[in-house]
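# Structure at a glance
Below are the chains, spelled out letter by letter.
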Amino acid sequence: MIQTVSTKPFDDQKPGTSGLRKKVRIFQQAHYAENFVQSVFDSLEGYEGQTLVVGGDGRYLNREVIQIVLKMAAANGFGRVLVGKGGILSTPAASHLIRSSGAFGGLVLSASHNPGGPDEDFGIKYNVSNGGPAPEKVTDAIHARTLAIQSYRILAAPDVDIDAIGTSRLGGMTVEVVDPVTGYADLMETLFDFAAIRAMIAGRFALSFDSMSAVTGPYAVEIFERRLGAPAGTVRNATPLPDFGHHHPDPNLVHAKELYDRMMAADAPDFGAASDGDGDRNLIIGKHCYVTPSDSLAVLAANAHLAPGYAKGLKGIARSMPTSGAADRVAEKLGIPLYETPTGWKFFGNLLDAGMATICGEESAGTGSDHVREKDGIWAVLLWLNILAVRRQSVAQIMADHWATYGRNYYARHDYEGIAKDRADALMAALRGKIRDLPGFATILGTVVQADDFAYTDPTDASTSSAQGVRILFDDGSRIVFRLSGTGTEGATLRVYLERFLGPDGKLDMETGAALFRVIESAERIADIEAFTGMNAPSVIT
Ligand code: G6P
Ligand code: ZN
């Protein structure tokens, strides 16, 4: 029953920041998904007889690729595959399932916050046995293999029923269809004071959660409505749909505008949140109070000890380089280390495994902890709720209190989308060419004190990553970072990260755009953005 199918390499299967992401129609080419899956298996050693986890965010092509993975895993000698019922597993739930089942690894099918549907995006990411995304040495090996592959192995067998929980055989392999939600929800109950949150909600604390027709619907309904007693309807857009109901499932102020408007209305609920396509990102908005992801990380770190799972305190905090320095001030006060890593959750895995960091976060709306090895949207919402239940203050009060203690890192990200790749590369090359001359350069913002192209040496294994983004620091504590997105599927996106710090005595209640006015102007001038891109304004501001 095992077939060996001849194939030819595709030259575009290099995994990006978070696995292989392409348009659905690219994945629909004959052998395309099979080549990549076989290249993953070929890059691994010792998986024979072991367990593989597979599941995804339910987007278009999810079910088809799951069948391919099942038949190829059987043909390649895996002993068992655990698959979420209906093919559903949120990214953090997949991470937890890999860890709790002692799996060899897992394939997570998602293009995260990118839209889904026949004309939209799909993705495949390999996670290793700690539950986290494969490190670069593994993804490099996978990429090399995709360029050399000549054949793949697949079982000729009918499709497996993935809609009924239970165990079946596929060739010599066991397939277990598992409930995707319960294990994850149970894990959350071990970390947070559900009784306190339930009491807060029963005391008329109003909550609104937007699943954006993506994967978190079933998780959010189980946790917020069933286990925490929030009224039915608290979770909106709760059914995962293959095209996400035409939502762009990126929980930011542009794409979660419906939630934002609800939270800014006169009769807004106390707390609003959203998550992305695969459930690892989060958006937090209090009543009339948007919380930036960078600030959210800082507040969660400063207050984590209020939740049972973190009562012993944190070992360290990690953030990606473009994330604001707000968390650094919390780490300093707590007397714990702060790690600055390149963009991409995979860089946190080693720090978490080594017990060096407990909480991690990124400006791109990801926060998480050592409970899994992915960022986790619902986890962040539950930690916020736990903190609110203990402190009995509003989100706005908590933010004001935080800034009065630590100062405020005003922060924004400007994205220039759809730039021709060569123009974006030319802009970055020109910037890199200027790095050496920038220190001492006076701008309307102040004098540049440091400029570099961020490079990282992992403290646990000394592996290095270079060219991770140009950062420019000014004498007033402001910072500008430029990098190109690693997750896009068409053209290039320039990301400009803008930050200005004001201490506890500074003006803490400015509007962000006004606070960052000079930083923005300096960034546009230093990088000649309009000349290179032809755009005189960013396409998205978050
Ligand atoms: C994915 C990763 C994140 C990372 C983000 C960066 O979502 O999981 O860890 O922060 O990509 O995206 P970008 O488009 O800026 O490369
Ligand atoms: Zn995601």
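Calculation notes
- Residues numbered from 1 in each chain as written.
- Chains lettered and ligands numbered in written order.
- Predicted model: local features only at pLDDT ≥ 70, side-chain atom pairs only at ≥ 80, totals over all residues.
- Pairing = 2+ DSSP bridges.
- Helix = DSSP H or I, 4+ residues; strand = E, 2+ residues; numbered from the N terminus.
- Buried ≥ 20, exposed ≤ 12 C-beta atoms within 10 Å, placed from the backbone.
- Arc of directions from axis to C-beta.
- Contact = placed C-beta atoms within 7 Å.
- UniProt positions renumbered as here; feature names shortened; annotations may be inferred.
- Domains from an automatic or database assignment.
- Nonpolar A, V, L, I, M, F, W, Y, C, P; charged D, E, K, R; others polar.
- Core = buried A, V, L, I, M, F, W, Y, C linked by C-beta atoms within 7 Å.
- Expected span 1.5 Å × (residues − 1).

### Let's talk about the sheet that holds strand E11 (residues 235–236)
- Taken in spatial order, the 5 strands of this open sheet run E11-E10-E12-E13-E14, and their pairing is mixed. Lying at the two open borders of the sheet, with one neighbouring strand each, are E11 and strand E14 (289–291).
- Relative to strand E12 (residues 271–275), strand E10 (residues 207–210) runs parallel, the two sharing 4 bridges. By the bridge assignment, leucine 207 is partnered in E12 with phenylalanine 271.

### Quick word on helix H6 (residues 182–191)
- Within H6, burial applies to Tyr184, Leu187 and Met188. The buried residues of H6 occupy one face: seen down the axis, they fall within an arc of 100°. Exposed positions of H6 whose direction lies more than 90 degrees from the buried face are Thr182, Asp186 and Thr190.
- Looking at the packing, one finds that the buried side of H6 touches helix H4 (91–101), helix H8 (217–227) and helix H13 (377–391).

### Some words on the sheet that holds strand E24 (residues 470–474)
- In spatial order, the strands read E20-E21-E24-E25-E26-E19-E27; together these 7 strands make up an open sheet with antiparallel pairing. Single-partner strands in this sheet number two, and they are strand E20 (442–443) and strand E27 (540–541).
- As paired elements, strand E21 (residues 446–453) and E24 share 5 bridges and run antiparallel to each other. Looking across to E24, one finds that alanine 451 is bridged to isoleucine 472.

### Considering the UniProt feature "domain: Alpha-D-phosphohexomutase alpha/beta/alpha" (unreviewed entry) in the protein chain
- As recorded in UniProt, the sites labelled "domain: Alpha-D-phosphohexomutase alpha/beta/alpha" (unreviewed entry) are residues 13–152, 184–285 and 294–406.
- Along residues 13–152, the helical share is 37% and the strand share 24%, with 15 Å between the first and last C-alpha atoms.
- Annotated as residues 294–406, this span is 48% helix and 14% strand, and its ends, taken at the C-alpha atoms, are 13 Å apart.

### Thoughts on the domain arrangement of the protein chain
- In terms of domain boundaries, the protein chain breaks down into domain 1 (2–178), domain 2 (183–406) and domain 3 (408–541).
- Just the C-alpha atoms count here: the centres of domain 1 and domain 2 sit 28 Å apart.
- Taken residue by residue, the interface counts 29 residues in domain 1 and 32 residues in domain 2.
- Counting residues per element, the side of domain 1 that touches domain 2 draws most heavily on H4, at 8 residues.
- Along the lines of polarity and charge, the residues of the side of domain 1 that touches domain 2 split into 9 nonpolar, 17 polar and 3 charged.

### Thoughts on the pairing of E12
- Among the 5 residues that make up E12, 5 are buried, leaving the element largely enclosed by the rest of the structure.
- Alternating positions in E12 separate into two faces, Phe271, Ala273 and Ser275 on one and Gly272 and Ala274 on the other, with burial throughout.
- The pairing of E12 with strand E13 (residues 282–286) spans 5 bridges and is antiparallel. Bridge pairing in E13 places alanine 274 opposite leucine 283.

### Topic: the nonpolar core
- The biggest cluster of nonpolar side chains holds 126 residues, and the ones touching the most others in it are Val81, Ala301 and Leu383.
- There are two domains that each give this core at least three residues, and those are domain 1 (2–178) and domain 2 (183–406).
- With residues near it in sequence (within four places) discarded, leucine 383 still touches Phe192, Leu300, Ala304 and Ala307.
- In terms of nonpolar packing, the next biggest core, distinct from the first, is built from 33 residues, Ala424, Leu427, Leu494 and Ala523 among them.

### Some words on H13
- The terminal C-alpha atoms of H13, which comprises 15 residues, lie 21 Å apart, in line with the 21 Å expected from a rise of 1.5 Å per residue.
- Buried residues dominate H13, accounting for 13 of its 15 residues.
- Phi turns positive, to about 50°, at arginine 392, one or two residues after H13.

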